[in-house]
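Report on the structure
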Amino acid sequence: MNKVTFEVHGDVAVVKLENPPVNSLGLELRQALVDSVERANSDSGVKAVVLIGSGAGFSGGADIREFGTPKATTYPNLQHVLHAIEDSAKPVIAAIGGVCMGGGLELALACHFRVSVPGAKIALPEVKLGLLPGAGGTQRLPRLLGAEAALNMIVSGSTVASEKLRATPLFDAFGDGDLLEFALGFARSVIGEAKAAKRVRDLPLVVPNAEAFFQFARNTVKALAGPYPAPLACVEAVAAAATKPFDAGLKRERELFVGLMLSPESAALRHVFQAERAASRILDVPEDTPLRPIRKVGVIGAGTMGGGITMSLINAGLPVVLLETKQEALDRGLATIQRNYQSALRKRTLNEASLAQRLALITPTLDYAALRDVDLVIEAVFESMDVKRQVFQALDEVVKKGAILASNTSYLNLDQIASFTRRPEDVIGLHFFSPANVMRLLEVVRGAKTAKDVLATAMRLAKTMGKVAVVSGVCDGFIGNRMLGRYATAAHDLLMAGALPLEVDSALQEFGMAMGPFRVGDLAGLDIGWATRKRLSAEHPDKDFSNVSDVLCEAGRFGQKTGAGWYRYEAGSRNPIPDPAVTQIIEEYRRKKGFTARQVSPTEIVERCIYALINEGARILEEGIAQRSSDIDLVYLNGYGFPPYRGGPMFYADQTGLQDVARAVERIAAQPGSDPAAWKPAALLTRLARQGQTFSDYKGSAK
Ligand code: NAD
C-alpha cells in the first residue's frame, strides 16, 4: 500500500501521510516522503507543499518495531527525510492536527512553516522510552520555544495541547475549522507574498547565563531522574543547542541518542512498551471476536476488594449493583468508598459534582434479584470455596443468560468455581490487585471452558478501566502469586541461612524493588499468611507449613497494624525500625531447625530471590499458563513493584543471559537444604540456555 498520497490543489501539492493507525515513520513512509518532495520540486506547476496527516493525526513518530532492525538504518532514515524537506526549494508547510509526537514533531520542525488547529497533541515523549529525540528535536524545538520551555517538554515527555502553544513561534498560523483548508489558505499566502522558505536551524538560540541555567537544570533533573540516564542526556543535548553551531549540536544529539539506545534502561523501557501492546493479543482469539456489551455490572462483597473494584468501574462510568449479605457490611463498604475518594477531592483531581455523579452510579442491595439484568458480575467475597459455591449457585439462578460471571479469587481453582454453575463458558477470573482502584494490573484468568468472546470482552473491559490486563491459565496463585510464593520462601530461607530482614529488604530495594519482602509483609499483615498456614496444616497434617513468621504472629506481631512485625513502628509512623527482639526470634528459630548462621552477601540475596521468581516464571511459561514471557514481566512490573528499568524478571533473565541464570539455579539447587520443588531448574530454562536462546524467543507450544 502507498504510504502517502500526492494531490495537487491549484499550485499547492498536498502530501498526505497514510500509515494507520498513527502514521508512524517506518521505512516505506520515509521513502515515500522523500519521493514526494522530489516530485513536488520537479513539478513546475507546484509552488508550495502541504504535509498533512490522516486518521489519528499528523504522526505519532518512529515505528519502534524497527528499532534494532536493518530497516532502522536503511536509506532514507529520518534525518535524510528531514534534510530533503529542509533543503526543498519549494516551501513545505506542516499542517498539524491530532497526534504530533516524537519523530512526527521532529518532521514538522524540519518544515519551513507549521500551522495547526485546536486539539492537536504535541510532544517529544522519547524520554519515556529512555531515549531523547534523536532527529533534531533537541536542537530545533528550543530555537522556537526557548530553552526552558523546550527543555520542560523534552525532559518530561509530556503532551501539550496545541492551543496552549498557539501564541508561540512554533506555529506560523493557528486556525479553527478544517485543517486542510486552513493549510491551503496559508500556503497560498506564502506563494502570494513570496515568503521565503524559513529554516528553524537558521534561527538563533540565545540563553542568558547559559552556564548557570544548564547547571541548575542538571542539578534539578539529576535529583528526579533516579537510575535513568535519559533525562540528563536531554539537558546535555539542549545545552549543545545553546552553545554549539547547529550541525555540531545535531552531532552531539546523535552521540547522546546512540548512547541511550544502547543503555539497558532504554532496552527495558522499550520492552515494557511493546509488552503492553502484545498483552492484549490472545493467541487463539481473533482480534475481531464480537464482544458482549457491558452496560451494567454487579459486584458481590463490599470489602477491601469489592470496594476498590466498584471504584474502578464507576470511574469508567459503569453503573454498579453492589451486593452484601448484611446492611452493616454494605454501609461500611460504602463509607470506605466515600473515604477513599476524599484524597482525590483534596488533591483536586476530582470535584464534588463528579464525585456525586460517580457515587450515584452505585445501587447498594442485599437482594440477588437486583442482579437480574447485569451484563457482568464480579465476585469478591471471602476466599473460601464454600462461600464461592453459594454465591455462584445463587448467581446462576438469577443472572440473565449471556452475562459474564467473574471471580476475583487469588488462589482458588477457577474451573471448580465454574462448575458450580450451568454455564461454565461464561465464567472467568478477574484478579484485581489491592488497592483495586489504584493498581494497574488485572490478571484475566481463563478457565478450561471460558468462551473466547468472554475473554475478549474481559480484555476490553480492562482497557475501559485503564488497566493492564494479562491472561493467565488456571493454577494455584495464577502467574503473580504463584511466583510470589517462591520469592517469599527464598526470602525466608535467607533468614535461616543467616541474613536479617533489613539485610534482605535493603539488598532487594537496592536492586530496585519498590519494597523488600519483609516490609511488604508488615504492610499487608502477617496474620493472613499465618491463617492460611494453619488451615493447610489442618488439611495436610503430614506436611510442615510452619515458618518463623508464625512465631511473630504468636507474639501478636502482625505488622504495621499492631505496631510490630518484622520491624517495629512508632505510633502513627510507617517507618520500619529493626528490632532486636526479632533478631532473637530468628536466631532461636534457626537453632531449633538446626541451621547455622553464615555470612550472606547482598548479591546472594538478590540472586536467590530474583532467580526463584525466574525459575517459576519459566515453568509458568512452559506450562502455557502465561502466553509469553513479556506477560509475566507485566505482572511483576504492575503488580509487585519490580523496577521498570530492569524490564521485568524474564527480561532481566534474558539480559543477564540464560546460561548464567541456569548455572546459578543449578548451583543453588545442589546446595544442602535447597527445596527441589523451588530450585529444580525449569526444563524450559535449561533448554533455552543450552540453545543460546532467550525467553523472548520462546513462542510457546502451539495452541
Ligand atoms: P474482605 O474480607 O475485605 O471482603 C469480603 C466481603 O465479602 C465482606 O465485606 C463480606 O461481608 C462479603 N461477603 C462474604 N460472603 C458474602 C456473600 N455470600 N455474599 C455477599 N458478600 C459476602 O476480603 P477481600 O480482601 O476484599 O477479598 C475478597 C476476595 O478477593 C477474596 O477471594 C480474595 O482472595 C480476593 N483478593 C484479595 C486481595 C487483597 O489484597 N485483599 C487481592 C486480590 C484478590
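Relevant structure appears above.
Residues numbered from 1 in each chain as written. Predicted model: local features only at pLDDT ≥ 70, side-chain atom pairs only at ≥ 80, totals over all residues. Heavy atoms only, no water.

**Points about the overall build of the protein**
A count of helical and extended segments in the protein gives 29 helices and 18 strands. Radius of gyration (C-alpha) of the protein: 29 Å, near the 27 Å computed for a compact globule of 703 residues. Summarising its shape, the C-alpha atoms of the protein cover approximately 90 × 60 × 50 Å along the three principal directions. Pairs at least 24 residues apart make up 72% of the contacts formed inside the protein by residues separated by at least 6 positions. Accessible surface, the protein: about 30,800 Å² in total, of which carbon and sulfur atoms supply 54%. Of the charged side chains in the protein, 80 are positive and 76 negative, and the gap between their average positions amounts to 1 Å. (Helix = DSSP H or I, 4+ residues; strand = E, 2+ residues; numbered from the N terminus. Rg over C-alpha atoms; globule rule 2.2 N^0.38 Å. Contact = heavy atoms within 4.5 Å. Areas by Shrake-Rupley, 256 points an atom, 1.4 Å probe, with all protein chains shown as cover. Lys, Arg positive; Asp, Glu negative; His and termini not counted. Charge placed at Lys NZ, Arg CZ, Asp CG, Glu CD.)

**Topic: the packing of helix 24 (residues 602-622) against helix 25 (residues 629-639)**
The packing of two helices is summarised by the inter-axis angle and the distance between the axes. Two numbers describe how helix 24 lies on helix 25: the axes approach to 10 Å, and their chain directions differ by 135°. When the axis of helix 24 is compared with that of helix 25, the two are oblique. Crossing handedness for the pair helix 24 and helix 25: right-handed. Where helix 24 abuts helix 25, its residues Leu-613, Gly-617, Ile-620 and Leu-621 lie against Ser-629, Ile-632 and Tyr-636. (Axes fitted to C-alpha atoms, helices over the stretch in contact; angles between N-to-C directions. Parallel < 35°, antiparallel > 145°, perpendicular 65-115°, else oblique. Left-handed = near helix turned anticlockwise from the far one by under 90°.)

**Quick notes on the packing of aromatic side chains**
Evaluated as defined, the whole model comprises ten aromatic pairs. Look at Phe-518 and Trp-566: their rings are 4.7 Å apart centre to centre, the planes differ by 65°, and that puts the pair in the edge-to-face class. One end of the pair, Phe-518, is in helix 20 (residues 517-524); the other, Trp-566, is in the loop between helix 22 (548-554) and helix 23 (580-593), with 48 residues separating them in the sequence. With a relative accessible area of 2%, Phe-518 lands in the buried category. Judged by relative accessible area, which is 3%, Trp-566 ranks as buried. A centroid spacing of 6.0 Å and a plane angle of 50° characterise the contact between Trp-530 and Phe-558, whose relative ring orientation is tilted. Of this pair, Trp-530 sits in helix 21 (residues 526-539) while Phe-558 sits in the loop between helix 22 and helix 23; the two residues are 28 residues apart in sequence, bridging distant segments of the chain. Owing to a relative accessible area of 22%, Phe-558 belongs among the partly exposed residues under this scheme. The cationic tip of Lys-534 hangs over the ring face of Trp-530; the distance from NZ or CZ to the ring centre is 3.5 Å. Its guanidinium or amino end placed over the ring of Phe-511, Arg-646 lies 4.2 Å from that ring's centre, counting from NZ or CZ. (Phe/Tyr/Trp six-rings, centres within 6.5 Å; stacked < 30°, edge-to-face > 60°. Buried < 20%, exposed > 50% of the residue type's maximum accessible area, 1.4 Å probe, protein only. Lys NZ or Arg CZ within 6 Å of the ring centre and 35° of its normal.)

**Structural notes on the site of the ligand**
Around the ligand, 23 residues are found, and the nearest of them are Met-305, Glu-324, Glu-383, Lys-388 and Asn-408. At a separation of 2.7 Å, an oxygen atom of the ligand approaches a polar backbone atom of Met-305. Note that an oxygen atom of the ligand is positioned 2.5 Å from one of the side-chain N or O atoms of Glu-383. Relative to its unbound accessible surface of 830 Å², the ligand loses 78% to contact with the protein. If one sorts the elements of the shell around the ligand by residue count, helix 15 (residues 385-398) sits on top with three residues. Residue classes in the shell around the ligand are distributed as eleven nonpolar, nine polar and three charged. (Near = heavy atom within 4 Å. Polar contact = N/O pair within 3.5 Å; in protein donor to acceptor, adjacent residues only side chain to side chain. Nonpolar A, V, L, I, M, F, W, Y, C, P; charged D, E, K, R; others polar.)

**Focus on the sheet that holds strand 6 (residues 99-101)**
A sheet is described by the order of its strands in space; here four strands give the open sequence 4-6-8-9, paired in mixed fashion. In this open sheet, the two edge strands, each paired with only one partner strand, are strand 4 (57-59) and strand 9 (160-161). Of the strands in this sheet, strand 4, strand 6 and strand 8 (121-123) touch helix 4 (residues 103-110), which is tilted by about 85° from strand 6. (Pairing = 2+ DSSP bridges.)

**Quick notes on the nonpolar core**
By size, the foremost hydrophobic cluster in this structure holds 76 residues, and its most contacted members are Trp-566, Ile-610 and Phe-695. Considering each element in turn, this core owes the most residues, eleven residues, to helix 24. Contacts of Phe-695, omitting those with residues within four sequence positions, involve Ile-614, Ala-618, Leu-621, Ser-629, Met-650, Ala-653, Asp-654, Leu-658, Leu-684, Leu-685 and Leu-688. Counting residues in hydrophobic clusters, the runner-up holds 70 residues, among them Ala-120, Ile-122, Val-160 and Ala-210. (Core = buried A, V, L, I, M, F, W, Y, C linked by side-chain atoms within 4.5 Å.)

**Observations concerning the sheet that holds strand 16 (residues 427-432)**
Reading across from one edge, 13-12-11-14-15-16-17-18 is the order of the eight strands in this open sheet, with mixed pairing throughout. Two strands lie at the open edges of the sheet, namely strand 13 (362-365) and strand 18 (468-472), each paired on one side alone. On average, adjacent strands in this sheet sit at an angle of 25° to one another, irrespective of strand direction. Across four bridges, strand 11 (residues 297-300) lies against strand 12 (residues 320-323) in parallel orientation. Counterpart to Ile-300 in the pairing with strand 12 is Leu-323. In this fold helix 17 (residues 452-464) packs onto strand 14 (376-379), strand 15 (404-407), strand 16, strand 17 (441-445) and strand 18, with an angle of close to 25° to the strand it touches most, strand 16.

**Considerations on the pairing of strand 7 (residues 113-116)**
The alternating pattern of strand 7 places Phe-113 and Val-115 and Arg-114 and Ser-116 on opposite faces, both of which are buried. Where strand 7 lies against strand 10 (residues 173-174), two bridges are found, and the strand directions are parallel. Each residue of the ladder has a partner; that of Ser-116, found in strand 10, is Phe-174.

**Some words on the environment of Ala-48**
Tracing the backbone shows Ala-48 in strand 3 (residues 48-52). Look at Ala-48 and you get buried, because its relative accessible area is 0%. When sequence neighbours within four positions are dropped, the list of residues in contact with Ala-48 reads Asp-11, Val-12, Ala-13, Pro-91, Ile-93, Ala-187 and Ile-191.

**A word on the state of the cysteines**
According to the stated counting rule, one finds zero disulfides in the structure shown. Summary of cysteine pairing: Cys-100 is not part of a disulfide, and the nearest cysteine sulfur, belonging to Cys-111, is at 9.3 Å. Relative accessible area serves as the criterion here: at 0%, Cys-100 is assigned to the buried category. (Disulfide = S-S within 2.5 Å.)

**A look at helix 12 (residues 304-315)**
Taking 1.5 Å per residue, twelve residues should reach 16 Å; helix 12 reaches 17 Å between its end C-alpha atoms and fits that length. Here helix 12 lies mainly inside the structure; ten of its twelve residues are buried. Residue Gly-317 follows helix 12 closely and has a positive phi angle near 85°. (Expected span 1.5 Å × (residues − 1).)

**A short note on the packing of helix 6 (residues 147-156) against helix 8 (residues 210-225)**
Their axes nearest at 12 Å, the elements helix 6 and helix 8 cross at an angle of 20°. Regarding the angle of helix 6 to helix 8, the classification is roughly parallel. Our pair here, helix 6 against helix 8, has a crossing hand that is right-handed. Two secondary-structure elements touch here, helix 6 through Ala-147, Glu-148, Leu-151 and Val-155 and helix 8 through Phe-213, Phe-214, Ala-217 and Val-221. Split into classes, the residues belonging to the contact of helix 6 with helix 8 amount to seven nonpolar, no polar and one charged.

**Side note on unusual backbone geometry**
With omega at 0°, the peptide bond leading from Pro-20 into Pro-21 counts as cis. Note that Pro-21 resides in the loop between strand 2 (12-17) and helix 1 (27-42). Each neighbour pair has its own omega, and for Tyr-75 with Pro-76 the value is -5°, a cis peptide bond. Summarising the element assignment, Pro-76 is placed in the loop between helix 2 (70-73) and helix 3 (78-86). Phi at Ala-194 takes a positive value of approximately 50°, unusual for a residue other than glycine.

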